[in-house]
Structure formats: structure tokens, C-alpha cells
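Okay, here's what each chain looks like letter by letter:
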Amino acid sequence: MSVAEFSGDGKDIVVSTRIRLARNLKNYPFATKLSAKQAREMIAAIYEALQKNPALKSVLSFIKLSDLDDLTIQSFVEQHLISPEFAKSTAERSLVLSNDRHISIMINEEDHIRLQVMGTGLCLNKCLDEAVKLDLLLDETLMLAFNEELGYLTHCPTNLGTGLRASVMLHLPMLTRCNEITKMIADAGKIGIAVRGIYGEGSVARSELYQISNQFTLGFSEQETVERLKGITDQIISQEQILRKAALAQARDEFEDRVYRSAATLQNARIMSASEAENLLSDLRLGISCGLINGIDYDSLNSMLYDIGPANIAVKNGSTLPPKERDKYRAEYLRNSLRSKLKE
Amino acid sequence: MLCENCKKNQATTYLKTVISGEAREMRLCDECAKNFGGFNFFSSGFGLDGILSGLLGQYNTSQKKPAGINSCPVCGSTLEDFSESGRVGCANCYDVFYENLMPYIRRIHGSAVHSGRIPKRIESSPKRRIQALESELAQAVAAQEYERAAQIRDELKALKEGDQK
Ligand SMILES: [Zn+2]
Ligand SMILES: [Zn+2]
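This one's a predicted model, so the numbers in the text were calculated from it and none came from an experiment. (Residues numbered from 1 in each chain as written. Chains lettered and ligands numbered in written order. Predicted model: local features only at pLDDT ≥ 70, side-chain atom pairs only at ≥ 80, totals over all residues. Heavy atoms only, no water.)

Enquirer: Is there a simple way to think about unusual backbone geometry in this case?
Expert: For residues other than glycine, phi is negative in most cases, and the peptide bonds are mostly trans. Residue and element names in this part refer to chain A. With a phi angle near 60°, His-80 is a residue other than glycine that sits in the positive phi range. Relative to the helices and strands, His-80 resides in the loop between α3 (70–78) and α4 (84–88). If you check the backbone angles, Asn-179 has positive phi at about 60° while not being a glycine. Position of Asn-179 relative to the elements: it lies in the loop between α6 (173–177) and α7 (181–190). The exposure class of Asn-179 is exposed, given its relative accessible area of 64%. (Helix = DSSP H or I, 4+ residues; strand = E, 2+ residues; numbered from the N terminus. Buried < 20%, exposed > 50% of the residue type's maximum accessible area, 1.4 Å probe, protein only.)

Enquirer: Just checking my understanding: could you explain the pattern of salt bridges for this structure?
Expert: Side-chain pairs of opposite charge can arise where the charged atoms are in close proximity. Taken as a whole and judged by the stated rule, the model has 27 salt bridges over all chains. Among the salt bridges present, the one from Glu110(A) reaches Arg87(B), with a minimum N-O distance of 2.8 Å. Note that Glu110(A) is positioned in the loop between β4 (103–107) and β5 (113–120) and Arg87(B) in the loop between α3 (79–85) and α4 (93–96), a pairing that runs across two chains. Residue classification places Glu110(A) among the buried residues on the basis of a relative accessible area of 11%. (Salt bridge = Lys/Arg side-chain N within 4 Å of Asp/Glu carboxyl O.)

Enquirer: Hey, could you run me through the nonpolar core in this one?
Expert: Where a protein is soluble and globular, its nonpolar side chains tend to be buried together. Residues and elements named next belong to chain A. In terms of nonpolar packing, the biggest core is built from 58 residues, with Ile-19, Ile-46, Leu-50, Leu-115, Leu-172 and Ile-212 touching the most fellow members. Top element by residues in this core is helix α5 (residues 124–141). It accounts for 8 residues. Grouped together as the second largest cluster of nonpolar side chains are 32 residues, Phe-255, Ala-277, Leu-286 and Ala-331 included. (Core = buried A, V, L, I, M, F, W, Y, C linked by side-chain atoms within 4.5 Å.)

Enquirer: I'm lost on the domain arrangement of chain A in this one. Help?
Expert: Interface size is commonly expressed as the accessible surface area that is lost when the partners come together. Residue and element names in this part refer to chain A. Once the domains are mapped, chain A shows domain 1 (6–239) and domain 2 (252–338). Put simply, the middle of domain 1 and the middle of domain 2, counted by C-alpha atoms, are 27 Å apart. Taken together, the 21 residues of domain 1 in the interface contact 22 residues of domain 2. When domain 1 packs against domain 2, close to 1900 Å² is buried across both sides, 57% of that on carbon and sulfur atoms. The interface formed by domain 1 and domain 2 includes 2 salt bridges. Residues Arg-177 and Asp-283 are paired through a salt bridge, measuring 2.7 Å at the closest nitrogen-oxygen approach. Taken together, domain 1 and domain 2 are joined by 11 residue pairs in polar contact (both at pLDDT 80 or more). Those elements that place two or more of their residues in the side of domain 1 that touches domain 2 are α3, β5 and α6. When residues of the side of domain 1 that touches domain 2 are assigned to their parent elements, the largest contribution, 5 residues, is made by α3. Classifying every residue of the side of domain 1 that touches domain 2 gives 7 nonpolar, 8 polar and 6 charged. (Domains from an automatic or database assignment. Contact = heavy atoms within 4.5 Å. Buried area = accessible area lost by both parts, 1.4 Å probe. Polar contact = N/O pair within 3.5 Å; in protein donor to acceptor, adjacent residues only side chain to side chain. Nonpolar A, V, L, I, M, F, W, Y, C, P; charged D, E, K, R; others polar.)

Enquirer: Looking at this model, I keep getting lost on the coordination of the zinc ion (ligand 2). Mind explaining?
Expert: Tetrahedral metal sites with four donors have an ideal angle of 109.5 degrees; octahedral sites with six donors have ideal angles of 90 or 180 degrees. All names here are of chain B. Looking at the metal site, the zinc ion (ligand 2) is ligated by Cys-72 (SG), Cys-75 (SG), Cys-90 (SG) and Cys-93 (SG), spaced 2.3 Å from it. For the zinc ion (ligand 2), the 4 donor atoms in the first shell make angles of 98 to 122° at the metal, so the coordination geometry reads as tetrahedral. Read in sequence order, the donor residues for the zinc ion (ligand 2) give the motif C-x2-C-x14-C-x2-C. One end of the pair, Cys-72, is in the loop between α2 (48–61) and α3; the other, Cys-90, is in the loop between α3 and α4, and 18 residues separate them in sequence. (Donors = N, O, S within 2.8 Å, 3.2 Å for Na, K, Ca; no water. Tetrahedral: all angles 85-135°; square planar, octahedral: opposite > 155°, others 65-115°.)

Enquirer: Hey, could you run me through the sheet that holds strand β3 (residues 94–98) of chain A in this one?
Expert: Sheets are built from strands paired through backbone hydrogen bonds, the pairs being either parallel or antiparallel. All names here are of chain A. Judged by pairing direction, the sheet is antiparallel, and its 8 strands sit side by side in the order β2-β3-β4-β5-β1-β8-β10-β9 without closing on themselves. The open sheet terminates on both sides in strands that have one partner only, identified here as β2 (60–64) and β9 (193–197). Each neighbouring strand pair of the sheet contributes to a mean axis angle of 20°, computed without reference to strand direction. Together, β1 (14–23), β4, β5 and β8 (164–171) form the strand contacts of α5, whose direction differs from that of β5 by roughly 150°. Contacts from helix α8 (residues 222–250) reach β1, β8, β9 and β10 (209–214) within the one sheet, and its direction differs from that of β8 by about 10°. (Pairing = 2+ DSSP bridges. Axes fitted to C-alpha atoms, helices over the stretch in contact; angles between N-to-C directions.)

This is the structure in C-alpha cells:
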């Protein structure tokens, strides 16, 4: 399994792709009714199923969440490897992570198994193929809860059927700034696609990033779900591209000014909050996509988005860092990552 | 008390909300309170929660109990539990409360028949094999591949006889 496998096109706008499958074991009650003893048994059974494939076993880490400190857990949330709910839960939980972090399997989250495959750029089919491989492996040893009418049975009926949530994270600065997002959210909703700001409510997304995902899981096959999502994603991308071209043509000076100011701040600031960094990196990404900035690729930019999270900064520089110190380390990290690289 | 989200600023706001069907109280700083929603990043419905509680409200008023059954014999969940949490207690609940859950499931998904992958044990069941062969047979006849059609017919016959034993 190489990193390149989980990489796709359109990285100027598509930050990442995620495929999630929800699965439950037939012979155990769902999370809210599961005892600690049952949870431990179930975790062991799932470990065993995953370890049947030696090649896979060698790249997976099996982690008991209670063995991790809070900061590490929080840094996993920032990297989208686990959900905030999973991080906060006090139940017996386990996490199975691939060394390259493209696979993460939460055991005993809302469903017994929440299997996620994540890639960079638009790579829905590649991620789905990998998720299906893992599902087949689980299916070989485990009795998965399934019903011919309702599909894979899940704790919450919103996930019945395929249990599949396919999503892409898009960088949509121009649609945001032109106030087109609200309309887009409404249009997408009509055809069963949910659009959400990453850290914001509806129309105000931090760093102008949005998560586009399917709403329905029952009645659509995995392939149909992914194709519909791909279709709407392509449309959103082309709208964003049209607006970028128009902005460059009509207000080139203002556009360039904003991008270069942000780049200058990122390379020189001494104190930087996470939210300021996210906004500046948004401008930088836009600048790269329009050919104003060179010298850094989108993958590096993506990892920076994770690295600047408060917990990630603290994990790397000392867990007892007060917030102001974190802001200093963040500024230093950004200077080191960008200075002497960025070219106009 | 530090903000539960960023663990950075002083918490100033109490926020009561429904996350994944669960009522929760959170202590947040001003900045995070404004940005609240990040919590739902992974949540099951991606924004469906609002719709969900709306539906559950409707569902409560027209609630009919299945005759003679108040709780799931496997996990002990009741319909009241479901309408409070939006979650069932175990896989068996979907059978026990089938009649009550189906209208609700149809309203969420707009459809109520699974289409997509299935576990191997079900894919290889005689019933599934017969269904698959029957559609193959229809295709072979339509394409006038009579030799193949005859083969499939033999296979079907054997399967159906085996099923009756
Ligand atoms: Zn906060
Ligand atoms: Zn039950």
C-alpha cells in the first residue's frame, strides 16, 4: 500500500476524499446497550478478523484509546482520523490505524465498526475499493448485522443500507466570498447531497473549506452513491473555477494584493493563532491555484492544515504549552515551512 | 473552566444542542460558540439531526405500539427509547419494531429497499443464487443464447430441488 494509491486529481480545489463504512456485529447489542465486557470481546474479535491478512496486519497499529493521553487523542481529531464523539466517549474503544494514516478504523464508536479510508485530491473510487477490501476481510470472519431489505443494520437508521458516507473536502474561497454557498447548499440538498462548512455553521466555513457528502444510504448502491457525489463535485468545481477566472480578470490588483499579503504574513509573523493561519493558508492555496505563488505543492499545504491544529502543535512541542506559546510555535513552524520555498 | 472545543480560551457560553440524537450541554469560548458545528464533522447524518428530531416529533404523536410487544427481547429497548435517542438498541430491534420504524425509515431515505453490497453468507444463500440465475436466464433468452439458457435452467432445477430437501 503506497501513499500514491490514495491520491487523485483536482488538488487545487479538492483537499481530500473520505469513504466511511458503518458495520455492526450481529451478535452484540449496539453501543448504548453494550457492556464493557462485551465491548472488549468484540474488539478482540475485530482485531482477529483484521489480522487474518498478513500484509495488512504488518501495516496496521492496534491502539487502545485509554492508553493514549488526551492531547494525542485530540491531535487525531484534528487530523480527521477519529471523530470528536469517539475522542470524548468513556466506553471501551479501540482504534486501528494504518502506518500511512490512510486507513482508520474506530471500534465501538456509534457503530461497532466505523471504517474510514482517506486520500488526497479527488479519489472516491480508489478509497471505495480499499474500503470494500477491508469490508470483505471483516465479512470473512465476522457475522455482520444485515437484513435483505434494510441492508447493513446500524445504530441510527440514518446509516442503514450501505452504511456508506462518501465525502470530499473542497476549498471554495470564491464561492464563499461571492455568497454563492447558501444557494449551493440548498441546491445540493434537493438531490441528497449535504454541504457543510468544516468548522463552521452552514455558510461560514473556516478556511473556506466545505465537506460535500451523500445524505442517503438506503436504496443507492455504493457505486451510485459515489458517482452522484462525483457529479455534483465536478459541477461545484467548475463554478468555483469560473469565479476564480472572473475575479482575476476583473480585479487582478486586489486579488494579487490579498494573496501576497497573506503569503508575507505567513513567512514573517511571530505569533499566529490557528484560525488566522487557516485563513492565510486559504489565500495561499488560492494563490497557488491561480499561478501567483510557486514553490510548494498541495500535499504539503494539506499537511500544514493539520499540523497547525492546537493539539498537534502541543504534541510536537511539549504538552504543557500555554496557548500563547503555541501561537509562537505555530508561527515558527509556518515560517520554517514556507520561507525560502515560496516563489512569486 | 476551559472551552471544551479548543481547550485554549476561557469558556463563556453554555450551549445546549442535539448531537447525533443526543442532547448535550457544552461549555465553549466565544469563538468556538460562533463556530459551533465542527463537532458534527463526523456525525452520522451530516446535518440530518435537525430533520431527524423534527421527524421524531411527528412520530411521537402518531405512535402506535406493536401489539403485545413493549420491548425488544434481545436488548430490552422500547419504542420510547428510540423516539428519545433516534437510535435502536440492537439489530433485532429492526425486526421487533419493524412496523413502527418503516414509515420513519422511508421518510429519512425516501426509499426503503437496500441496493448495494451484501455479506457473503447471504450472497451465497440458495435464495440469492436462484434470484441471480433467474435474471441471468432472462438475459440469455433475450440475447437468444439458447445453449447458455439451457445450462442455466439445469443449474436452477438442481438448486431448487436441493432447496426442497
Ligand atoms: Zn474555544
Ligand atoms: Zn433490540
